[in-house]
Amino acid sequence: MPRSYAHLWFIAPALFLMFVILLLPIILAGTLSFTNYSLGNTGADWVGFDNYERIFTRSTYEKMFGATFRYVFVVVPMTVALGLGAALLIHSLTRFGDLYKTIYFLPVMAALIAMAIVWEFALHPTVGIVNATLERGCGTFLERWHWYAQGCDRTFPLWLTDRDYAIWTVAFIGVWQGFGFNMVLYLAGLTSIPRELYHAAEMDGAKSGWDRFRLVTWPMLGPTTVFVVTISFIRSFQVFDTVEAFYPQGGGPSKSVYVMMFAIYEKAIQQNLMGIGAAITIVFLGFVMFLTIIQRWLVERRTHYV
Amino acid sequence: MSDAALQSTDTNSATVFRFPTSEAIKHAVLILGAIVVLLPFYVMLSYSFKAPHEIMQNTGGFFGTQELFRDDFCIKLGNAVEDCMVRPVIYNYTTAFEKAPLLRYLMNGLIVTVSIFLIQIIVALPCAYALAKLRFWGREAVFGLVLFCLLIPVHAIALPLYIMLAKVGLTNTYAALIIPWTISVFGIFLMRQFFMTVPDDLIDAARMDGMSEYSIVWNVMLPTAIPALMAFGIFSVVAHWNDYFWPRIVITGNRDLFTPPLGLREFKGDADGDNFGPMMATACIIVIPLIAAFLLAQRRFIEGITLSGMK
């Protein structure tokens, strides 16, 4: 094979950009996280682990982790479960399956910031369609439900501005937006399961639908599930659009929706506290990389059980 | 598989006599889900048609009554009342374009997404080809680096990137919107996997014909990769058209550089209570191009968006 240096020209731009855009920032964030740097200042003081100490002791950051983990641990299981449920239902239909698939995928395509603004209207306490619809249910059998009767007596929740509801409402919108994506991944997984396996399972005595799911479908979907769970984690950790749209200042009622990406934005961009922002960035990257490495490890073990 | 074939397998199984009820229950559940999924889209479209008072009182059904109403802003400008009667749907959509330079925002969105995609291809394609088909010292190391970089979400390192761009004075430029996305390690990985399946004979034949490595990339490999590139393009364009976080950070105040999501956000920021209609019209204008494209080419879109699931 003739020696040529073509490969150098081919990989040099990509290598250069990988270093400058992906690796250098991590090194920079790592370094800045030990300083009290602000943009516009000439220098910065070395503050050691002060920023990290703050993140793990101050109550603001306790709220940040609380909000982030509440969001993530609602959105991930819900989007995975609903994605799988919708995929199973649609896959078992004889007709109209594609129609549901299209509808459920719409939120994935739509700009989240636009849909967040629409949701804010829909959830508006007085003119919003959600509470208006709920009020129509007053006086019917629904009032037997204690929560509903309370809503009819006084008012239905202020969803986005009530401290007890805010994070769950934002999480609901996260689920609304994300489960169609998982559904499509699961549908792809389902179509790749060979039909013979079901026949074989039936011959071995797997009579009920649940048996078929437990013995064939679920194990065969193992690799899909590993991927779906990881990508759901990474996507939901990065939630920002909805939070910023609803609460441009301060991260919601009593900071109950103060998620990590918003914290980075507020501390570093709005308040110019680069050191603390960099420290949150590093912690954030730690989470995301840890999750992805677990995923790769699971995939490489070629396990079918999660 | 066709409907008939599916149905026949069902008839053969033991579930035949309860088939209709179970099917009906499934449809009921899925329709309920569809209502919740479609609710905000319904609200968005409906409000973009209606007059302010209809929105506030929740009347007028989906399209509103489309009765003429008085545009107070027009009267404030000193026009006669008769000249200021407007039809809601027309008022909403014209206000969307007049109140903010929406066309400019859409143009910016187009410039940014298309530039990002083209640069991603120009950088990723030769690199993917070298990793898949050329032998050179350090190839495994480079590929290892690509695999490592796949772990890094660009949004997560937005802060140090912002500091770097600010240091070289590039914030509030198109460059700031584009630069962080010029390298797509995912694109490199994807193309490399695709090129691995291209037979070596094809490349050897091209070399025999005296083609340079450079023209092999663009004249031989590129055409074979069109389907994969289409999927990747959809993935890239959807992600960056809808992206709000990064533009929000690097574009501070210069409205000429606003992308559609930023424009909409600003609209919301100074909405004065009764401007819901035009705002929803803006939201529609931003969301509908992608939705329409998706409805026209569903299969390709789903392929593209879920591309990351196929590693």
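Our subject is the structure listed above.
None of these values were measured; they are calculated from a predicted model.

Here we look at the overall build of chain B
Now for step 1: Regarding its fold elements, chain B presents 17 helices and two strands.
Now for step 2: Against the globule reference of 19 Å for 311 residues, chain B gives a C-alpha radius of gyration of 26 Å, more extended than a compact globule.
Now for step 3: Principal axes of the C-alpha set define a box for chain B whose edges measure 80 × 70 × 35 Å.
Now for step 4: Looking at chain B as a whole, 40% of its 311 residues qualify as buried.
Now for step 5: Restricting the contact set of chain B to residue pairs at least 6 apart, pairs at least 24 apart contribute 72%.

Quick word on the packing of helix H1 (residues 6-32) of chain A against helix H7 (residues 139-149) of chain B
Now for step 1: Between H1 of chain A and H7 of chain B, the shortest axis-to-axis distance is 11 Å and the interhelical angle comes to 40 degrees. Read as a crossing pair, H1 of chain A and H7 of chain B show a hand that is left-handed. Seen from H1 of chain A, the contacting residues are Ile-11, Leu-15, Met-18 and Leu-22 of chain A; seen from H7 of chain B, they are Val-142, Leu-145 and Cys-149 of chain B.
Now for step 2: The residue inventory of the contact of H1 of chain A with H7 of chain B, partitioned by class, reads seven nonpolar, no polar and no charged.

Structural notes on helix H12 (residues 213-224) of chain B
Now for step 1: Compared with an ideal rise of 1.5 Å per residue, which puts twelve residues at 16 Å, H12 of chain B spans 16 Å between its outermost C-alpha atoms and is within 8% of the ideal.
Now for step 2: The complete set of buried residues in H12 of chain B reads Glu-213, Ile-216, Val-217 and Met-221 of chain B. The arc that holds the buried residues of H12 of chain B, viewed along the axis, is 100 degrees, so those residues lie on one side. Relative to its buried face, H12 of chain B has exposed residues pointing more than 90 degrees away, namely Tyr-214, Asn-219 and Pro-223 of chain B.
Now for step 3: Structurally, H12 of chain B contributes buried residues whose contacts are with H1 of chain A together with helix H6 (102-133), helix H10 (185-196) and helix H11 (200-208) of chain B.

What to know about the interface of chain B and chain A
Now for step 1: With 73 residues of chain B in contact, the opposing surface of chain A contributes 72 residues.
Now for step 2: No other element matches helix H2 (residues 19-49) of chain B, which puts 14 residues into the side of chain B that touches chain A.
Now for step 3: For the side of chain B that touches chain A, the residue count by class is 57 nonpolar, ten polar and six charged.

Criteria and cut-off values
Residues numbered from 1 in each chain as written. Chains lettered and ligands numbered in written order. Predicted model: local features only at pLDDT ≥ 70, side-chain atom pairs only at ≥ 80, totals over all residues. Helix = DSSP H or I, 4+ residues; strand = E, 2+ residues; numbered from the N terminus. Rg over C-alpha atoms; globule rule 2.2 N^0.38 Å. Buried ≥ 20, exposed ≤ 12 C-beta atoms within 10 Å, placed from the backbone. Contact = placed C-beta atoms within 7 Å. Axes fitted to C-alpha atoms, helices over the stretch in contact; angles between N-to-C directions. Left-handed = near helix turned anticlockwise from the far one by under 90°. Nonpolar A, V, L, I, M, F, W, Y, C, P; charged D, E, K, R; others polar. Expected span 1.5 Å × (residues − 1). Arc of directions from axis to C-beta.

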